[in-house]
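Here are the chains, one letter per residue:
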Amino acid sequence: MKVRKFIKEIYESDALYNADLLEQYIHPEITLEWYSSKGFLVMKKKDILLLAKELERTYKSMRSEISHIIKDDNKVTVRYKHFGKTIENPAEEILLASFIVIWEIKDDKLYQGYQMSQLY
C-alpha cells in the first residue's frame with residue numbers, strides 16, 4: 001500500500017479511538033515514544049489499544065485534521081490537529097491537541113513512532 005494513502009486512511013478514519021479498527025494498522029511489536037505536555041511516555045501495543053478504548057468511552061466522536069504528510073523511504077511524518085465531541089456535550093466539537101509524529105512503517109503497519117503533542 002502507498003504510505004501516504006495508508007496514513008490518510010488511519011488518521012481520517014475512526015481508528016485512533018476504535019481499538020478494533022486500530023489493531024489492523026499497527027505492528028505487533030509497535031512502540032510509540034510520546035513527548036506530551038504532561039510528560040514522556042513509551043507505549044507498546046497493549047498501551048496504545050487501551051488508550052484507544054478509553055478515548056472511545058470518553059468521546060462521542062473524534063476526528064483528525066492533517067496539515068502535512070512528508071514521506072522518506074519507510075518513514076512518514078504527520079502533522080495534525082485532533083478534535084473531539086464529548087459525551088457530555090456532543091453538539092460542540094473542541095480542539096483537543098496539535099500533534100506531530102514520525103512513523104516508521106514495517107510490514108505495511110505502524111511500527112515505531114516518535115510523537116510530540118500540545119494540549120489546547
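Our structure is the block above this text.
Residues numbered from 1 in each chain as written. Predicted model: local features only at pLDDT ≥ 70, side-chain atom pairs only at ≥ 80, totals over all residues. Heavy atoms only, no water.

J.: So what exactly am I meant to see when it comes to the pattern of salt bridges here?
T.: Close approach of charged atoms allows side chains of opposite charge to pair. Applying the stated rule across the entire model yields four salt bridges. Across the pair lysine 45 and glutamate 23 runs a salt bridge whose closest N-O atoms are separated by 3.2 Å. Of the two residues, lysine 45 is situated in helix H3 (residues 45-58) and glutamate 23 in helix H2 (residues 19-23); the sequence distance between them amounts to 22 residues. In this structure lysine 45 comes out as partly exposed when scored by relative accessible area, which is 22%. A salt bridge links glutamate 93 to arginine 63; the nearest nitrogen and oxygen atoms lie 2.9 Å apart. Of this pair, glutamate 93 sits in strand S5 (residues 93-106) while arginine 63 is found in strand S3 (residues 59-72), placing the two residues 30 residues apart along the sequence. (Salt bridge = Lys/Arg side-chain N within 4 Å of Asp/Glu carboxyl O. Helix = DSSP H or I, 4+ residues; strand = E, 2+ residues; numbered from the N terminus. Buried < 20%, exposed > 50% of the residue type's maximum accessible area, 1.4 Å probe, protein only.)

J.: Teacher, can you tell me more about a nonpolar patch on the surface here?
T.: Taken together, the side chains of Tyr35, Phe40, Val42, Ile100 and Met116 make up a nonpolar region of the molecular surface, amounting to roughly 490 Å² of accessible area. Residue position: isoleucine 100 is located in strand S5. (Patch = residues over 30% accessible without salt bridge, like charges linked within 9 Å, V, L, I, M, F, W, Y side chains within 5 Å. Areas by Shrake-Rupley, 256 points an atom, 1.4 Å probe, with all protein chains shown as cover.)

J.: Hey, could you run me through the packing of aromatic side chains in this one?
T.: Both the distance between ring centres and the angle between the ring planes are used here to describe each pair of aromatic rings. Applying the stated rule across the entire model yields five aromatic pairs. Judged by centre distance (4.5 Å) and plane angle (40°), the ring pair of tyrosine 35 and phenylalanine 40 falls under tilted. In this structure tyrosine 35 comes out as partly exposed when scored by relative accessible area, which is 46%. Put simply, the rings of Tyr11, Trp34, Tyr80 and Phe99 touch in pairs and so form one group of aromatic residues. A cation sits over an aromatic face here: arginine 63 above phenylalanine 83, 4.2 Å from the ring centre. Residue placement shows lysine 106 over the ring face of tyrosine 111; its charged tip is 4.5 Å from the ring centre. (Phe/Tyr/Trp six-rings, centres within 6.5 Å; stacked < 30°, edge-to-face > 60°. Lys NZ or Arg CZ within 6 Å of the ring centre and 35° of its normal.)

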